[in-house]
Amino acid sequence: MSTLQTPKAKKNPHRLIHHNHERIDDYFWLNDRENPEVIAYLEQENAYYQAVTAPTKELQEALFVEMKSRIKEDDSSVPYFYNGYYYVTRFEKEGDYPIYTRRKGSMEAPECLLFDGNEMAKGHSYFHLTGLSISDDNGWVSFGVDTVSRRQYSIQIKNLETGEILPYTIENTTGGAVWSADGKYLFYSRKDPKTLRSDSIYRHALGTDPSQDVRVYFEADATFDVSVFKSKSREYIMIASESTLTSEYRFIKATQPTADFQLFQPRVRGMEYSVSHYGSHFYILTNKDDATNFKLMKTEVGHTAMPHWTEVLPHREDVLLEGIDIFSEFLVVSERYNGLNALRIIRWDGTMDEYLPFASETYTAYTTTNVDFDTPWLRYAYQSLATPASVIEFNMVTREQRILKEQEVLGGNFDKNNYIEERIWATAADGIQVPISLVYRKGLQKNQSNPLLLYGYGSYGVTLEPYFSTTRLSLLDRGFVYAMAHVRGGEDLGRRWYETGKLLEKRNTFTDFINCAEFLIQEGYTSASHLYAEGGSAGGLLVGAVANMRPDLFHGIIAQVPFVDVVTTMLDDTIPLTTGEYDEWGNPNDKVYYDYMLSYSPYDNVRAQDYPHMYISTGLHDSQVQYWEPAKWVAKLRELKTDTNLLFLDTNMETGHGGASGRFEALKEVAKEFAFLLDLEKIKS
């Protein structure tokens, strides 16, 4: 559609042979970020994108200003009380990054500044602060910083009495850490520098050289990651070793930091469990004994092996147990039934067992910051596609409920009553009913000319929650319908929903999405010439596969940091995070999985056919999906596609998987995507 010369990556055939099957990858050379030719190609693609979209710059800016105007810039979180202090995270006007503060004993006490993200971010094109951990004596805080967007955090330690930051860093960590009860030791997880797998737990003695840190656990199995955390009771430090399908825990008393970690229950292939502590027992959420949707068990602190586990809440075929929150007098169970959240409150003494009532069909409700063990107040969040987020507290003794904070939508034009929410069900190819959540402006009629953006993910058991978005209003108020396809591969309808959308049933994810698109057209919400698909990361795999399978269904596609070179990536165990993915996608060193992956891998299945308009984004430093996957995909699409539709590769040369770090810079990325969609609609009209 443009007279500009499109970029053309050079072809350098590279032979890849596995299971006596040969693939020729002409763009394999793009996987070297140190190669000046690679950088030159990415910059050429960026320049092309900027040139072709120059006429939309005014629209992009208008969208950015509009979206920013809805945000309460000087906003703050609801305070939460922990170990004698109230903690608040707030933003200042024009500030891109959060400010972390606390007050001792009362919100009327003087504010103590912990960190000002805006000051810390100066001089960095990317900045992320994470993992704030306060010692039990309230005198120290550890924190992790990433200035590359590679998710390799440097841990530092700050003295909260003097404000001094100790003159050393602990490198290549996940950023999080936990303190021993006496505040003399810090436990943290370290990553393999090449694969970025979190494989080791270390103990650091406060004030000593990190080179002297003691490794207390190493995870030898390359399919597992390790993490460390403290029980909510603050009595135990726990190490979790987890793969997609299997869990294993170790623990010590927080008062005995130099003790050897004790194995909770040896790993059993396919058995998952998580551990919480209360009184003389550990509580275990597990899929033991084919409890597909999980059940709750408990065991005495001194007898943690599986033969000692006893049942607390049984497995139910139609209810997924998602998690628990333990209080001194109450157990709160997070459940999911028919795709909807439920919060169940049980009193330990047996005098209460009830659910919080929710009426809508598209809501999202979940427990939030409940760090105080000895409180009757349960804090939870509620929102929907048309209802801004609220933080609510429910008194589990008096049943009093109070709204602590409602998300403000500034600009004066928003009224949730102006929008319609629906949940409809599409029939998949195998007869399964797939839910779709919809929102659109009141008064919009079913019409084939309605633009509709269909979003999907469908991997790792991640549930798509119907959440509120102020940025989305910029599409809804311009006549768009927004839809979420709750396809298999997520956990939206329980654990089986996930298990039938992975490994050798992965194609269900793609066909479900296609069937949802067909159903929306059939029901008159839109037509193929006004239908758009969006997905990021594994959702980028989804829309990439769908683009090959049914390009005729969509006018345009947005793919953010897409995982599209499935076979090559999963065969390379030096690439970050690959080995931990075998239980999700399969191990292609097994020919059965190799052949199946090859049948849907977006990069391997690009062919000579017409494709929709496509906007594809990535980050040079992405640690989750390497930049070269979308780069190679675009190069191959340019070579083979038979249409003249728009194809953009937009690489952020300074960020990684999460995109821009500042809250306003992130809005600019959304504005690019929305401008792409709106411009396509303008072209059609």
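Reading the values: the criteria
- Residues numbered from 1 in each chain as written.
- Predicted model: local features only at pLDDT ≥ 70, side-chain atom pairs only at ≥ 80, totals over all residues.
- Heavy atoms only, no water.
- Helix = DSSP H or I, 4+ residues; strand = E, 2+ residues; numbered from the N terminus.
- Rg over C-alpha atoms; globule rule 2.2 N^0.38 Å.
- Buried < 20%, exposed > 50% of the residue type's maximum accessible area, 1.4 Å probe, protein only.
- Axes fitted to C-alpha atoms, helices over the stretch in contact; angles between N-to-C directions.
- Parallel < 35°, antiparallel > 145°, perpendicular 65-115°, else oblique.
- Left-handed = near helix turned anticlockwise from the far one by under 90°.
- Contact = heavy atoms within 4.5 Å.
- Nonpolar A, V, L, I, M, F, W, Y, C, P; charged D, E, K, R; others polar.
- Expected span 1.5 Å × (residues − 1).
- 1 Å grid on protein atoms, 1.4 Å probe; cavity = no way out; pocket = protein on both sides within 12 Å on 5 of 7 lines; lining within 4 Å.
- Points joined across faces, edges and corners; volume = space filled by probe spheres on them.
- Polar contact = N/O pair within 3.5 Å; in protein donor to acceptor, adjacent residues only side chain to side chain.
- Arc of directions from axis to C-beta.
- Pairing = 2+ DSSP bridges.

Trainee: For this particular structure, what's the right way to read the overall build of the chain?
Mentor: Counting secondary structure elements, the chain contains 12 helices and 37 strands. Relative to the 2.2 N^0.38 estimate, which gives 26 Å for 685 residues, the radius of gyration of the chain is 25 Å and therefore close to what a compact globule would have. Across its three principal axes, the chain shows a C-alpha extent of roughly 70 × 55 × 50 Å. Split into buried and exposed, the 685 residues of the chain put 57% on the buried side.

Trainee: Would you take a moment to explain the packing of helix H6 (residues 507-522) against helix H7 (residues 538-549) for this structure?
Mentor: The packing of two helices is summarised by the inter-axis angle and the distance between the axes. One way to put it is that H6 packs onto H7 with a least axis distance of 9 Å and a crossing angle of 70°. By the angle class used here, H6 and H7 are roughly perpendicular. Both H6 and H7 take part in a crossing whose hand is right-handed. Residues Arg-507, Thr-509, Phe-510, Thr-511, Phe-513 and Ile-514 of H6 form the contact with H7, whose participating residues are Leu-541, Leu-542, Ala-545, Val-546 and Met-549. Here the contact of H6 with H7 is composed, by residue class, of 8 nonpolar, 2 polar and 1 charged.

Trainee: Whenever I open this one, H7 confuses me. Can you help?
Mentor: An α-helical turn contains 3.6 residues, so any two residues separated by three or four positions project in the same direction. Across its 12 residues, H7 extends 17 Å between first and last C-alpha, which sits within 8% of the 16 Å expected from 1.5 Å per residue. Of all 12 residues making up H7, 11 are buried, and the element is well covered by its neighbours.

Trainee: What's the story with empty space enclosed by the protein in this structure? I'm lost.
Mentor: Any empty space left between atoms is shown by rolling a water-sized probe over those atoms. All chains considered together, the criterion is met by 2 cavities of 30 Å³ or more. Taken as a whole, the largest cavity spans an internal volume of roughly 80 Å³. Around the largest cavity, the lining comprises 13 residues; the ones closest to its centre are Gly-339, Arg-423, Ser-437, Pro-466 and His-486. Residues of the lining of the largest cavity, tallied by class, amount to 4 nonpolar, 4 polar and 5 charged.

Trainee: What's the story with the environment of Arg-70 in this structure? I'm lost.
Mentor: Following the sequence through the fold, Arg-70 ends up in the loop between helix H2 (57-69) and strand E3 (80-82). Its relative accessible area of 9% is what places Arg-70 among the buried residues. Placed 342 residues apart in sequence, Arg-70 and Gly-412 show a C-alpha to C-alpha distance of 8.5 Å. A polar atom in the side chain of Arg-70 sits 3.0 Å from the side chain of Ser-474.

Trainee: How do you make sense of H2 when you look at a structure like this?
Mentor: Under the 1.5 Å per step criterion, the end-to-end length of H2 is 18 Å for 13 residues, consistent within 8% with the ideal 18 Å. What H2 keeps buried is the set Gln-60, Leu-63, Phe-64, Met-67 and Lys-68. Axial view of H2: buried residues confined to an arc of 125°, hence all on one face.

Trainee: Any chance you could explain the sheet that holds strand E13 (residues 214-218) here in plain terms?
Mentor: Strands in a sheet are paired, the pairing made by backbone hydrogen bonds, and the direction either parallel or antiparallel. Overall, antiparallel pairing links the 7 strands, which are arranged E7-E8-E9-E10-E11-E12-E13 in an open sheet. The open sheet has two edge strands, strand E7 (128-134) and E13, and neither has a second partner. Averaged over all adjacent pairs, the angle separating strand axes in this sheet is 30°, with direction ignored. Note that strand E9 (residues 153-159) and strand E10 (residues 170-179) share 2 bridges and pair antiparallel. Opposite Ile-155, over in E10, you have Ile-170 as the bridge partner.

Trainee: What is the right way to look at the environment of Ile-345 in this model?
Mentor: With respect to the helices and strands, Ile-345 occurs in strand E24 (residues 340-347). Residues Ile-345 and Tyr-355, spaced 10 residues apart in sequence, show a C-alpha to C-alpha distance of 6.1 Å. In this structure Ile-345 touches Phe-330, Leu-331, Val-332, Met-352, Asp-353, Glu-354, Leu-356, Leu-378, Phe-394 and Met-396, once residues within four positions along its chain are discounted.

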